[in-house]
Amino acid sequence: MTNIKEKLILSSMFLATALTISGCVATNEDNNTTVETNSSISSENGNNTQLTFENNLSEAEIKSLLFVREEEKLARDVYLTLNKIWSSSVKVFSNILISEQTHIDSVKNLLKIYNLTDPVTESQDANLGIFQNQELQELYNSLIAKGEKSIVDALQVGATVEDYDIFDIEEHMKNIDNLDILAVFDNLVKGSENHLRAFIKNLTNINGNYTPSYISQERYKLILASQNNIADHNDTNSSHVHSDSNLTIDENGSTFINSANILSSIPADSNLSEAEIKSLLFVREEEKLARDVYLGLDKIWGLNIKIFINISKAEQSHTDSVKALLSRYNLTDPVTKSEDANLGIFQNQELQNLYDSLMTKGEKSIVDALQVGATVEDYDIFDIEEHMKNIDNLDILAVFDNLVKGSENHLRSFSKSLTDNNASYLPSYISQERYELIVTSDKNETNSSNSNSGNGNGNGSTNKTNSSSGNGNGNGSTNKTNSSSGNGNGNGSTNKTNSSSGNGNGNGSTNKTNSNSGNGNGNGSTNSRK
């Protein structure tokens, strides 16, 4: 993990508004988030994510568990104390402190599973504000001293606690390989993001504000611009894998953006910077390029494969979402009606040259055409994220964030199609690590990733990948792949693959494969193959 967006993928920032994350996290209307962790994490539909209980914890993993155990206690203790002072004025502390107890317990259970001594004694657990770790002790004391001053100060303390937790837990996750710890920590981050939104909402209601002290301003704005970090498992429309008010993913992995809903929920900011204007103009044509390439390749290969026509329809919604922003801010559209109606015509010479070269390559063969599709999405992810670094406007950030999620889903679809044709793709723009995380993660159900497409299907899972083109699919699962083209598939399963082309499949199972071409399959079983 080297940048904010890669961390967002691991954290699975989804713009959704349902009631559960794969049974591991539940969020109510107050953004009060609970985390479950036992020998299995149960979902409301009956599926279980079995924990792996890998015995060989590293020193860094042990230190992280011990620290985060007290860190989550700090959050609970701060909220209990501030609730005693301010409960007559605001209910946010009493709402969130209930979930903080489940956060503590989720880490405490991991300590028990791995036979580690709990740094919090029963006496300390029963008393507020007592910590073994001196850093946390000092932080608690300073937070309470500030929170006693006023209701605004108290709410800012709550935001600071969640800000600190997001940053610190993600720092710990960089040094963790154990799937159980990653799954729990990932859900702790989701909970903190939801709680941060709740504190900011309460501050806004009383004309207060907050400036992040730990996470970046960009990350903070993205969190506020998104909705609850939860995935919708109650979609009854069989024609859609996922649908919410901002983004829809169909059964083909095509991602459609509802820009009208995004813009209606986020006020316009009249003070656009020069960088924001340039970004809008460029990305408008950039999304048109994707649509035009796919329509052009469909004319050539449409009888053989449907992926180009399917995704081209989604790309129309992508370019339209940027067009809506141009209209909102009275900016001249760089795409004329004539250019919009004709393929391959661009004002921007860089994009014109890119289109020409992509079409030349895509005409050669099906594999070349699919690699062109992957290249387009690879380029879009990298470029849009570069633009986002210089954007403060929340409606632009929200649209661009959804564009990235759409490109991630489309990249997974092209990767799967290449695998089906015994071919692969090497990223030209994003890092190899980022590519592997994308193609092995779940659909970005917004959104969160980073939820999260013809490939990588699942709900509320944690995926960590060190591979060239691994694919991880499952419901409520944790997938870890170290491979060239390993596929981990299952329902309520944990799949770990270290192989050239190993496939681990199962229901309610744990599959671990270390092979060149081994397949591990089972129901309620544990498969190990070397």
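Refer to the structure above for everything that follows.
The structure contained in this document is the topic of the report that follows.

Calculation criteria
Residues numbered from 1 in each chain as written. Predicted model: local features only at pLDDT ≥ 70, side-chain atom pairs only at ≥ 80, totals over all residues. Heavy atoms only, no water. Helix = DSSP H or I, 4+ residues; strand = E, 2+ residues; numbered from the N terminus. Buried < 20%, exposed > 50% of the residue type's maximum accessible area, 1.4 Å probe, protein only. Salt bridge = Lys/Arg side-chain N within 4 Å of Asp/Glu carboxyl O. Contact = heavy atoms within 4.5 Å. Axes fitted to C-alpha atoms, helices over the stretch in contact; angles between N-to-C directions. Parallel < 35°, antiparallel > 145°, perpendicular 65-115°, else oblique. Left-handed = near helix turned anticlockwise from the far one by under 90°. Nonpolar A, V, L, I, M, F, W, Y, C, P; charged D, E, K, R; others polar. Phe/Tyr/Trp six-rings, centres within 6.5 Å; stacked < 30°, edge-to-face > 60°. Lys NZ or Arg CZ within 6 Å of the ring centre and 35° of its normal.

1. Observations regarding unusual backbone geometry
At step 1: A positive phi angle is found at Asn115, which is not glycine, with a value near 55°.
At step 2: As for its placement among the helices and strands, Asn115 is situated in the loop between α3 (92-113) and α4 (122-126).
At step 3: Taking relative accessible area as the criterion, Asn115 reaches 73% and is therefore assigned exposed.
At step 4: Despite not being glycine, Asn422 has its phi angle at roughly 55°, a positive value.
At step 5: Along the chain, Asn422 turns up in the loop between α15 (394-420) and α16 (432-440).
At step 6: According to the relative accessible area criterion, Asn422 is exposed, its value standing at 77%.

2. Here we look at the pattern of salt bridges
At step 1: Applying the stated criterion to the full structure yields 22 salt bridges.
At step 2: Between Asp292 and Lys288 there is a salt bridge, with the nearest N and O atoms lying 2.5 Å from each other. Note that Asp292 and Lys288 are positioned in helix α10 (residues 274-301) at a spacing of four residues, about one turn of the helix.
At step 3: Since its relative accessible area comes to 0%, Lys288 is described here as buried.
At step 4: Ionic pairing is found between Glu408 and Arg434, a salt bridge with its closest N-O pair at 2.7 Å.

3. Quick look at the environment of Leu295
At step 1: Secondary-structure assignment places Leu295 in helix α10.
At step 2: Residue Leu295 is classed as partly exposed on the basis of its relative accessible area, which comes to 26%.
At step 3: When the C-alpha atoms of Leu295 and Glu315 are compared, they prove to be 10.0 Å apart, with 20 residues separating the residues in sequence.
At step 4: Sequence-distant contacts of Leu295, that is, excluding residues within four places in its chain, are made with Ile309, Ser312 and Leu343.

4. A word on the packing of helix α14 (residues 366-388) against α15
At step 1: Contact geometry for α14 and α15: axes closest at 9 Å, N-to-C directions at 155°. Regarding the angle of α14 to α15, the classification is roughly antiparallel. Like other packed secondary-structure pairs, α14 and α15 cross with a definite hand, here left-handed. Contacts from Val367, Leu370, Gln371, Gly373, Ala374, Glu377, Asp380, Ile381, Ile384, Glu385, His387 and Met388 of α14 reach α15 at Leu397, Phe400, Asp401, Leu403, Val404, Ser407, Glu408, His410, Leu411, Phe414, Ser417 and Leu418.
At step 2: Residues that form the contact of α14 with α15 fall into these classes: 13 nonpolar, six polar and five charged.

5. As for the packing of aromatic side chains
At step 1: Enumeration according to the criterion identifies twelve aromatic pairs in this entry.
At step 2: Both rings, one in Phe93 and one in Phe199, keep their centres 5.6 Å apart while their planes meet at 45°; by these two values the pair is tilted. With Phe93 in helix α3 and Phe199 in helix α7 (residues 179-205), this pair connects stretches of sequence that are 106 residues apart.
At step 3: A residue is classified by how much of its surface remains accessible, and Phe93, at 0% relative accessible area, is buried.
At step 4: Look at Phe199 and you get buried, because its relative accessible area is 0%.
At step 5: Judged by centre distance (5.1 Å) and plane angle (80°), the rings of Tyr379 and Tyr429 are edge-to-face. Of the two residues, Tyr379 sits in helix α14 while Tyr429 sits in the loop between α15 and α16, which places them 50 residues apart along the sequence.
At step 6: Relative accessible area serves as the criterion here: at 7%, Tyr379 is assigned to the buried category.
At step 7: Taken together, Tyr79, Phe93 and Phe199 form an aromatic cluster joined through their ring pairs.
At step 8: Above the plane of the ring of Phe346 lies Lys288, whose end atom (NZ or CZ) is 4.4 Å from the centre.

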